[in-house]
Amino acid sequence: MFSNIRIVLVETSHPGNIGAAARAMKNMSLEHLYLVSPVNYPHADAFARAAGANDVLNNAVVVDSLEQAIADCTQVFGASARMRTLKWPQYSPAEAAKVIKKTSQTSSVALVFGRERTGLSNEELQLCHYLVNIPSNDQFSSLNLAAAVQVLAYELFQVLQQPVEKVEAVNADEMPVTQDEMQRYFKHLEEVLVKIDFLDPEHPKKLMRRLHRLYNRAQPDQREINILRGILSAVEKEMQGRNR
Ligand code: SAH
């Protein structure tokens, strides 16, 4: 369970925050850290602030994009201090911890944190199934990055300490799809929507974001995503036939 949970930090500016996050993780028995294009890393400040959680830093996986960091995850939680214009399903830290515990028994889950100044972009948010908000002062709601990691890691630790409810074994075709497979589907969907003139690439509005939210809510399994892919391929085949 602990080993199926990863913490992802997106474009962190201050290496000290990376170190402090690593320490917070190790205190709460989490060990998998992913860094998406850290601004200044590796850096001595990270090791200084890790206060001995060097193994977490040494094993950290550095990647170029959030997509890469979560490719093999079936569920993604984005920690966010702000409410968004397009509302996204949201959990409290304690609720999120329960869901993460369940999912992490069978597959990988990511908990994603944004940049110190600007948090997560809307495109990054689209890759998240849920937002997690740490309740705080309305007038001063944004926690320090490593402090936010600490709060959520603590909530997880509390829940993961409790005995596990047995989960039923599922068939391969009932397994939830990974984010990598979902992103490939979204790309295909977008291409087809453009081809059939449903989506105007010049004026996309919020269509793809709304569709991401819809599919993320449904969390299709393998069999379902195969059906959805098959529908797109059939549409393309039909269009090719007509164009002949
Ligand atoms: N000004 C930024 C805040 C960035 S703080 C913004 O408006 O989004 C850096 C990161 O710490 C955030 O992206 C988020 O992942 C996490 N964080 C900070 N405060 C939080 C809170 N109250 N709830 C959940 N996550 C929080």
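Residues numbered from 1 in each chain as written. Predicted model: local features only at pLDDT ≥ 70, side-chain atom pairs only at ≥ 80, totals over all residues. Heavy atoms only, no water.

**Section: helix H7 (residues 145-161)**
Part 1 of the reasoning: For H7, with 17 residues, the first-to-last C-alpha span of 24 Å sits near the 24 Å given by 1.5 Å per residue.
Part 2 of the reasoning: Along H7, the positions that sit buried rather than exposed are Leu145, Ala146, Ala148, Val149, Leu152, Ala153, Leu156, Val159 and Leu160. For H7, the angular spread of buried residues about the axis comes to 150 degrees, placing them on one side.
Part 3 of the reasoning: Buried residues belonging to H7 abut strand S1 (5-10), helix H1 (15-27), strand S4 (73-79), helix H5 (93-103), strand S6 (108-113) and strand S7 (130-132).
Part 4 of the reasoning: At the N-terminal end of H7, a side-chain oxygen is found 2.9 Å from the backbone nitrogen of alanine 146, two or three residues along, and the residue is asparagine 144. (Helix = DSSP H or I, 4+ residues; strand = E, 2+ residues; numbered from the N terminus. Expected span 1.5 Å × (residues − 1). Buried < 20%, exposed > 50% of the residue type's maximum accessible area, 1.4 Å probe, protein only. Arc of directions from axis to C-beta. Contact = heavy atoms within 4.5 Å. Polar contact = N/O pair within 3.5 Å; in protein donor to acceptor, adjacent residues only side chain to side chain.)

**Observations regarding the pattern of salt bridges**
Part 1 of the reasoning: Applying the stated criterion to the full structure yields nine salt bridges.
Part 2 of the reasoning: With a closest N to O distance of 2.6 Å, aspartate 173 and arginine 223 form a salt bridge. Pair noted here: aspartate 173 is in the loop between H7 and helix H8 (179-195) and arginine 223 is in helix H10 (residues 222-243), with a separation of 50 residues, a long-range link.
Part 3 of the reasoning: With relative accessibility at 27%, the residue aspartate 173 sits in the partly exposed group.
Part 4 of the reasoning: For arginine 223, a relative accessible area of 46% corresponds to the partly exposed category.
Part 5 of the reasoning: Of the charged contacts in the structure, one is a salt bridge between glutamate 191 and lysine 187, with a shortest N-O distance of 4.0 Å. Remark: lysine 187 and glutamate 191 occur in helix H8; sequence separation between them is four residues, near one turn of the helix.
Part 6 of the reasoning: Accessibility expressed as a relative area gives 39% for glutamate 191, which makes it partly exposed.
Part 7 of the reasoning: A residue is classified by how much of its surface remains accessible, and lysine 187, at 57% relative accessible area, is exposed. (Salt bridge = Lys/Arg side-chain N within 4 Å of Asp/Glu carboxyl O.)

**Comments concerning the packing of aromatic side chains**
Part 1 of the reasoning: Taken as a whole and judged by the stated rule, the model has seven aromatic pairs.
Part 2 of the reasoning: Ring geometry for phenylalanine 2 and phenylalanine 157: centres 6.2 Å apart, planes at 50 degrees, overall tilted. Pair noted here: phenylalanine 2 is in the segment before S1 and phenylalanine 157 is in helix H7, with a separation of 155 residues, a long-range link.
Part 3 of the reasoning: Overall, the relative accessible area of 22% leaves phenylalanine 2 in the partly exposed class.
Part 4 of the reasoning: Centre to centre, the rings of tyrosine 185 and tyrosine 215 are 5.3 Å apart; their planes meet at 70 degrees, and the pair counts as edge-to-face. With tyrosine 185 in helix H8 and tyrosine 215 in helix H9 (residues 207-218), this residue pair connects regions lying 30 residues apart in the sequence. (Phe/Tyr/Trp six-rings, centres within 6.5 Å; stacked < 30°, edge-to-face > 60°.)

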